[in-house]
Amino acid sequence: MRVYVPLTLSGLAAVHAAGEVGPGPLTAYAVTPALREWYVSDDIEELEYAALNRAAAASLRLIAGKPDEVRRRAVVALDVPDGAVVADPDHILDASSIGEVRIADAVALSKAAAVHVDADDAEKDVAAAAAALGAADTGDDDARFTVDGAEDHELLWFGIQEIPGLIS
């Protein structure tokens, strides 16, 4: 199963240094039955893109909680056995957790299929979105528009061998 683990760039550096994504339990995003129902598509590529975007939104939340963090979202795509992934039933009615899964243990970085990171030109919009998250969560339409501005940036695809260039 392909899962998408939200990180920050400093988190990506730590993953690279450790050679694994962890420690467990890990929160990730995947094509779950709830995501399939929410997204209403049978196209696996579209569903995986939706799961990636859910992870990117979670990455934004991680960034918002770290004032000194580089304002670029990061997500690691991992291939893990189906049995290693458990959908989180505690959040079943929480729309923000659609597609969220738990992985009990750390996963070797060698199981990564790719790394997805914002381009440099997204930093301004990601910074504004991180600053606006609190207001957006309370229903402020202007703040929601600002958060959506970060979501307009597509994450770029990188091979795991390219991580050193991303974190330097």
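The structure reproduced in this document is the subject of the present report. Note that residues are indexed from 1 along each chain, following the sequence as it is written. Confidence filtering applies because this is a predicted model: local features only for residues at pLDDT of at least 70, side-chain atom pairs given and counted only at 80 or more, and all residues used for totals across whole chains, interfaces and linings. Excluding hydrogens and water, the side-chain figures rest on all heavy atoms present in the structure.

1. Some remarks on the packing of helix H4 (residues 123-137) against helix H5 (residues 141-151)
How we decide: Think of each axis as a best-fit line through the C-alpha atoms, taken over the contacting stretch in the case of a helix, with angles from 0 to 180 degrees between the N-to-C directions. Runs of H or I in DSSP of at least four residues are treated as helices and runs of E of at least two as strands, each being numbered from the N terminus. Crossing handedness is read from the near helix: turned anticlockwise from the far helix by less than a right angle, it gives a left-handed crossing, and turned clockwise, a right-handed one. Only heavy atoms matter for contacts: two residues are in contact if any of them lie within 4.5 Å across the pair. Classification convention: Asp, Glu, Lys, Arg as charged; Ala, Val, Leu, Ile, Met, Phe, Trp, Tyr, Cys, Pro as nonpolar; all other residues, Gly among them, as polar.
Running from amino to carboxyl end, H4 crosses H5 at an angle of 145°, the nearest separation of the two axes being 7 Å. H4 and H5 meet at a crossing whose hand is left-handed. From H4, Asp125, Val126, Ala128, Ala129, Ala132, Leu133, Ala135 and Ala136 reach across to H5, where they touch Ala143, Arg144, Thr146, Val147, Gly149 and Ala150. Counted by class, the contact of H4 with H5 contains ten nonpolar, two polar and two charged residues.

2. Notes on the pairing of strand E6 (residues 100-103)
The line we're drawing: Two strands qualify as a pair provided that DSSP identifies no fewer than 2 bridges between them.
Two strands pair when backbone bridges link them, and strand E3 (residues 26-29) and E6 are joined in this way by four bridges, in the antiparallel orientation. Note that in E6 the partner of leucine 26 across the bridge is isoleucine 103. Judged from the three bridges that link them, strand E5 (residues 85-87) and E6 form a sheet pairing that is antiparallel. In the sheet register, valine 86 faces E6, and the bridge partner there is arginine 102.

3. Side note on H5
A turn of α-helix holds 3.6 residues, and therefore any two residues three or four places apart point the same way. Stated formally: Relative accessibility decides the category of a residue: with a 1.4 Å probe and only protein chains considered, values under 20% of the type maximum give buried, values over 50% give exposed, and everything between is partly exposed. Note: the arc covers the axis-to-C-beta directions of the helix. Two N or O atoms form a polar contact when they lie within 3.5 Å of each other; inside protein one atom must be a possible hydrogen donor and the other a possible acceptor, and for residues adjacent in sequence the pair counts only when both atoms belong to side chains.
Along H5, the residues classified as buried are Ala143, Val147, Gly149 and Ala150. The arc that holds every buried residue of H5, seen down its axis, measures 145°, which confines them to one face. Exposed residues lying more than 90 degrees from the buried face of H5 are Asp141, Asp142 and Phe145. In this structure, the buried side of H5 is in contact with helix H3 (44-64) and H4. Two to three positions downstream of the cap, the backbone nitrogen of aspartate 142 sits 2.8 Å from a side-chain oxygen, assigning the N-cap of H5 to aspartate 140.

4. Re the layout of surface pockets
Here is the rule: Computed over the protein atoms alone on a 1 Å grid, cavities are sets of points where a 1.4 Å probe fits but cannot get out and pockets are open sets with protein on both sides within 12 Å along at least five of seven lines; a residue lines them when it has an atom within 4 Å of a point. Grid points are joined across faces, edges and corners, and a volume is the space filled by probe spheres set on the points.
Looking at the second largest pocket, its volume works out to about 250 Å³. The wall of the second largest pocket is formed by 16 residues, among which Tyr49, Ala50, Leu52, Asn53 and Arg54 lie closest to the centre. Among the secondary structure elements, those contributing two or more residues to the lining of the second largest pocket are helix H2 (33-39) and H3. Looking at which element gives the most residues to the lining of the second largest pocket, the answer is H3, with seven residues. Of the residues contributing to the lining of the second largest pocket, the split by class is nine nonpolar, three polar and four charged.

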